Amino acid sequence: MSNDRNDDGGVPVPSVPAGASGTAPAEYPPASPAGRGMFGNQGTGDVSGYGGLVRPRRSIEEASRPYGSYFDEVRDALEEAYPQFGEAIEKVVVDRGELTLHVRPERIAEVCQVMRDDMSLRFELCSSVSGVDYLGADGRRLHVVYQLTSMTYRRLVRLEAAVSAEDPHLPSVTAVYPTADWQERETYDMFGIVFDGHPNLTRILMPDDWEGHPQRKDYPLGGVPVEYKGAEIPPPDRRRSYQ
């Protein structure tokens, strides 16, 4: 809500922000280009409404060898242990001192099996499975991220697989990493990514009859009004222009 001055003494008066709608909670907003603020800001990733944050859009390029650290050893060991390496691995990225292997979704369970079982790799633990929605930045906008840990060699590696919102399917890795069970359920619940072969793929945070997946970026903010010290604070989509 901005303040404009009227013609009777210059007293600030509230004005409705452009694009605001009284029925916003029931409206699905149009898809926004990546890097644009959610509350009417143009060209930034700022969601506060201030507009001072400028987030450069970075393209993730495949790393060139040598990667450094233990990363070359991990790639060489996987390539030797897994003959389908060239078909399964889309690209290798080294960014901010971390190694990420981008895997074709249909191959993710096979790659995890090799990463766990091969004696030169020994990534025994999958500590996290999570989702990311790259709306407007990637045709396969829904990414699944797996954090693997080798307790034998004290190493970390990230696997990432991308699927489209129209066909959000990839194999479950619960047979390889039982710790992925509830994490895959949460990723399904929040992002609508379907893990084929999961033993019990049901919602884990939202009610079973909930419609939609709340962490997708085209999901409406919604919310409920909250009373605080005698004042009623409206939900986010009634406070600012949500685009």
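The model shown is predicted, which means the values in this text are computed figures rather than measured ones.

Cut-offs and rules
Residues numbered from 1 in each chain as written. Predicted model: local features only at pLDDT ≥ 70, side-chain atom pairs only at ≥ 80, totals over all residues. Heavy atoms only, no water. Helix = DSSP H or I, 4+ residues; strand = E, 2+ residues; numbered from the N terminus. Buried < 20%, exposed > 50% of the residue type's maximum accessible area, 1.4 Å probe, protein only. Contact = heavy atoms within 4.5 Å. Phe/Tyr/Trp six-rings, centres within 6.5 Å; stacked < 30°, edge-to-face > 60°. Arc of directions from axis to C-beta. Pairing = 2+ DSSP bridges. Axes fitted to C-alpha atoms, helices over the stretch in contact; angles between N-to-C directions. Parallel < 35°, antiparallel > 145°, perpendicular 65-115°, else oblique. Left-handed = near helix turned anticlockwise from the far one by under 90°. Nonpolar A, V, L, I, M, F, W, Y, C, P; charged D, E, K, R; others polar.

Enquirer: Got a minute to help me understand the overall build of the chain in this structure?
Expert: From N to C terminus, the chain includes five helices and eleven strands. For the chain, buried positions account for 38% of its 243 residues. Partitioning the contacts of the chain with sequence separation of at least 6, the portion at a separation of at least 24 is 50%.

Enquirer: Explain the packing of aromatic side chains to me, please; I cannot follow it from the model alone.
Expert: Geometry of an aromatic ring pair is reported as the spacing of the ring centres plus the angle between the planes. Scanning the entire structure with this criterion turns up one aromatic pair. Here Tyr70 and Phe71 contribute two aromatic rings whose centre-to-centre distance is 4.9 Å and whose plane-to-plane angle is 80°, an arrangement assigned as edge-to-face. You can call Tyr70 buried: its relative accessible area is 19%.

Enquirer: Sorry if this is basic, but what is going on with helix α3 (residues 108-117) here?
Expert: Count 3.6 residues to each turn of an α-helix, and residues three or four apart come out pointing the same way. For α3, the full list of buried residues reads Ile108, Val111, Cys112, Val114 and Met115. Within α3, the buried residues cover an arc of 165° as seen down the axis, which keeps them to one side.

Enquirer: How should the pairing of strand β6 (residues 142-150) be read in this particular structure?
Expert: The side chains of a regular strand alternate between both faces of the sheet. Most of β6 is tucked away, with eight of its nine residues classed as buried. As defined by bridge partners, strand β5 (residues 125-133) adjoins β6 across eight bridges and the pair is classed as antiparallel. When the sheet's bridge partners are listed, Ser130 is paired in β6 with Val145. Bridge count between β6 and strand β7 (residues 155-163): nine bridges; the pairing is antiparallel. Counterpart to Gln147 in the pairing with β7 is Arg158. The hairpin formed by β6 and β7 contains four residues between the paired strands, and Arg154 there has a positive phi angle of roughly 55°.

Enquirer: When you look at the packing of helix α1 (residues 71-81) against α3 in this model, what are you seeing that I'm missing?
Expert: Packed helix pairs are characterised by how far apart their axes lie and by the angle those axes make with each other. At their nearest, the axes of α1 and α3 sit 10 Å apart, and the two run at 110° to each other. When the axis of α1 is compared with that of α3, the two are roughly perpendicular. Classified by chirality, the crossing of α3 by α1 is right-handed. Taking contact as the criterion, the partners of Val74, Leu78 and Ala81 in α1 are, on α3, Val111, Val114 and Met115. Of the residues contributing to the contact of α1 with α3, the split by class is six nonpolar, no polar and no charged.

Enquirer: Whenever I open this one, α1 confuses me. Can you help?
Expert: Where α1 is concerned, the buried positions are Phe71, Asp72, Val74, Arg75, Ala77 and Leu78. For α1, the elements touching its buried residues are α2 (85-88), β3 (89-95), β4 (98-103), α3 and β7.

Enquirer: When you look at the pairing of β4 in this model, what are you seeing that I'm missing?
Expert: Of all six residues making up β4, five are buried, and the element is well covered by its neighbours. As judged from the six bridges shared by β3 and β4, these two strands associate in the antiparallel manner. Bridged to Ile89 within β4 is Val103. Once β3 ends, the chain turns through two residues before running back antiparallel as β4, passing Arg96 with a positive phi of about 55°. Bridge analysis of β4 against β7 gives three bridges, and the strand direction is parallel. Across the sheet, His102 pairs through a bridge with Glu160, a residue of β7.

Enquirer: Quick question: what am I supposed to make of the sheet that holds β5 here?
Expert: Pairing between the strands of a sheet is mediated by backbone hydrogen bonds and can be parallel or antiparallel. Spatially, β3-β4-β7-β6-β5 is the arrangement adopted by the five strands of the open sheet, whose pairing is mixed. Both outer strands of the open sheet, β3 and β5, are each paired with one neighbouring strand and no more. Across the sheet, the axes of successive neighbouring strands diverge by a mean angle of 20°, strand direction being ignored. Packed on one face of the sheet, α1 meets β3, β4 and β7 and runs near 25° to β4. Strands β5 and β6 of the sheet are contacted by helix α4 (residues 180-191), whose axis makes an angle of about 5° with β5.

Purely geometric stuff here, so don't read any function into it on its own.
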